[in-house]
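Summary of structural features
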Amino acid sequence: VDAPGWPPVKSMLDRLPVWTVSNEQGQPLQYQSTEDGRPLALFYSCVDAARDELESARKEHPTLGLDIVPMGMGEAFRLHRSGDGVLVPSTRSLAAAGAPPNASPLGQELPLFCCMEMASEGPDGPVLPLFLEESEARAAVDEASASNGGDNALEIVGLSLNKALEQLVTTEKLAFSFVTP
């Protein structure tokens, strides 16, 4: 987030929503880190997981006027990298990325999904669309396959948000695009 290429990448990421449980002033609910006791906000890539956390938090803190609030993933990632927040991937995306069925999403890297054959020509060369959920990547692959005569042999691969961003902020060419859910 300190790289010169970060501002345009953050702007692109901010088009993707994440959700956090917030009080009535819009401040994210703070959780205590088990590692160092530091307060952390949780940012969920899955709105259903955020709703589940909201239900639990309302039971524990009924007077705070809690709700879920969307925010851009770029800002959430910045807070994550600064140690003030945690990006929480969906259990579906973790399972699709090969995590064990009972793996906790807390502390896991956010997986992304793509099909290398779906790169399109951008102004600076090929641009690969990245999806937050494997099911969204599968739907795009199926749609592309249907329009190209039904070749269903296209493979979906996973990569981490961290690795994709590392490449994006160190190059002048935008090699990826993030597909809004």
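The sections below set out a description of the structure shown in this document.

Parameters at a glance
- Position numbers for residues count from 1 along each chain, tracking the sequence in the order it is written.
- Local features in this predicted model are restricted to residues whose pLDDT is 70 or higher, and side-chain atom pairs enter the listing and the counts only when it is 80 or higher, whereas totals over whole chains, interfaces and linings include all residues.
- Side-chain figures throughout are based on the complete set of non-hydrogen atoms in the structure, without hydrogens or water.
- The helix and strand labels rest on DSSP assignments: H or I over at least four residues marks a helix, E over at least two residues marks a strand, and numbering proceeds from the N terminus.
- Atoms considered for the radius of gyration are the C-alpha atoms alone. The globule rule reads 2.2 Å times the number of residues to the power 0.38.
- Relative accessibility under 20% of the residue-type maximum defines a buried residue, over 50% an exposed one, and the middle range a partly exposed one, all with a 1.4 Å probe and only protein chains included.
- Any pair of residues with heavy atoms lying within 4.5 Å of one another is described as a contacting pair.
- Methods summary: accessible areas were calculated by the Shrake-Rupley approach with a probe of 1.4 Å, and residue burial reflects only the protein chains presented.
- Just so you know, the count uses Lys and Arg for positive and Asp and Glu for negative, and it drops His and the chain ends.
- Here the site of a charge means atom NZ of a Lys, CZ of an Arg, CG of an Asp or CD of a Glu.
- Two strands are counted as paired when DSSP detects at least two bridges linking them.
- We define a nonpolar core as any set of buried Ala, Val, Leu, Ile, Met, Phe, Trp, Tyr and Cys residues linked to one another through side-chain atoms lying within 4.5 Å.
- What the arc covers is the set of directions going from the helix axis to the C-beta atoms.
- Between the N-to-C directions of two axes lies an angle of 0 to 180 degrees, each axis being a line fitted to C-alpha atoms and, for a helix, fitted only over the stretch in contact.
- Each angle gets one of four labels, with under 35 degrees taken as roughly parallel, over 145 as roughly antiparallel, 65 to 115 as roughly perpendicular, and the rest as oblique.
- Throughout, the ten residues Ala, Val, Leu, Ile, Met, Phe, Trp, Tyr, Cys and Pro are labelled nonpolar, Asp, Glu, Lys and Arg are labelled charged, and all others, Gly among them, are labelled polar.
- Each reported salt bridge corresponds to a side-chain nitrogen of Lys or Arg within 4 Å of a carboxyl oxygen of Asp or Glu.

**With respect to the overall build of the protein**
A tally of regular secondary structure across the protein gives six helices and 10 strands. Since a compact globule built from 181 residues should have a radius of gyration of about 16 Å, the 18 Å found for the protein is in line with a globular shape. Counting only C-alpha atoms and orienting by the principal axes, one finds that the protein spans roughly 55 × 35 × 30 Å. Per-residue burial over the protein gives 40% buried out of 181 residues. Relative to all contacts within the protein whose residues are 6 or more apart in sequence, the contacts with residues 24 or more apart total 61%. With an accessible surface of roughly 10,100 Å², the protein has 50% of that area assigned to carbon and sulfur atoms. The positive charge centre, built from 12 side chains, and the negative charge centre, built from 26, are 3 Å apart in the protein.

**Quick look at the pairing of strand β1 (residues 17-22)**
Of all six residues in β1, five are buried, a share of seventy percent or more. Strand direction decides the pairing type here: β1 and strand β4 (residues 67-72), joined by six bridges, are antiparallel. Counterpart to Ser-22 in the pairing with β4 is Asp-67.

**Notes on the nonpolar core**
Counting residues in each nonpolar core, the largest one holds 26 residues, and the members touching the most others are Leu-13, Met-73, Leu-130, Leu-161, Leu-165 and Phe-178. Listed by contribution, the elements that provide at least two residues to this core are α1 (6-13), β3 (39-44), α3 (73-81), β6 (111-114), β8 (125-130), α6 (161-169) and β10 (176-178). Considering each element in turn, this core owes the most residues, five residues, to α6. Beyond its immediate sequence surroundings of up to four residues, Phe-178 is in contact with Met-12, Leu-13, Leu-16, Leu-112, Leu-130, Leu-161, Leu-165 and Leu-168.

**Topic: α1**
Of the positions making up α1, those classed as buried are Trp-6, Val-9, Lys-10, Met-12 and Leu-13. Along the long axis of α1, the arc covered by the buried residues comes to 160 degrees, so they all point the same way. If you follow the buried residues of α1, they end up packed against β4, α3, α6 and β10.

**Looking at the pairing of β6**
Burial along β6 is two-sided: the residues Pro-111 and Phe-113 and Leu-112 and Cys-114 are all buried. One ladder, built from four bridges, connects β6 with strand β9 (residues 157-160); its direction is antiparallel. By the bridge assignment, Cys-114 is partnered in β9 with Val-157.

**What about the packing of α1 against α3?**
Across the interface, α1 lies against α3 with an axial gap of 6 Å and an inter-helix angle of 120 degrees. In terms of orientation, α1 and α3 fall into the oblique class. Between α1 and α3, the residues in contact are Trp-6, Lys-10 and Leu-13 and Met-73, Gly-74, Glu-75, Phe-77 and Arg-78, respectively. When the residues that make up the contact of α1 with α3 are grouped by side-chain class, the tally is four nonpolar, one polar and three charged.

**Overview of the pattern of salt bridges**
Applying the stated criterion to the full structure yields nine salt bridges. Between Glu-134 and Arg-138 there is a salt bridge, with its nearest N and O atoms 4.0 Å apart. Taken together, the residues span about one helical turn, with Glu-134 and Arg-138 both in helix α5 (residues 134-147) at a distance of four residues. Taking the relative accessible area as the measure of exposure, Glu-134 reaches 26% and is therefore partly exposed.

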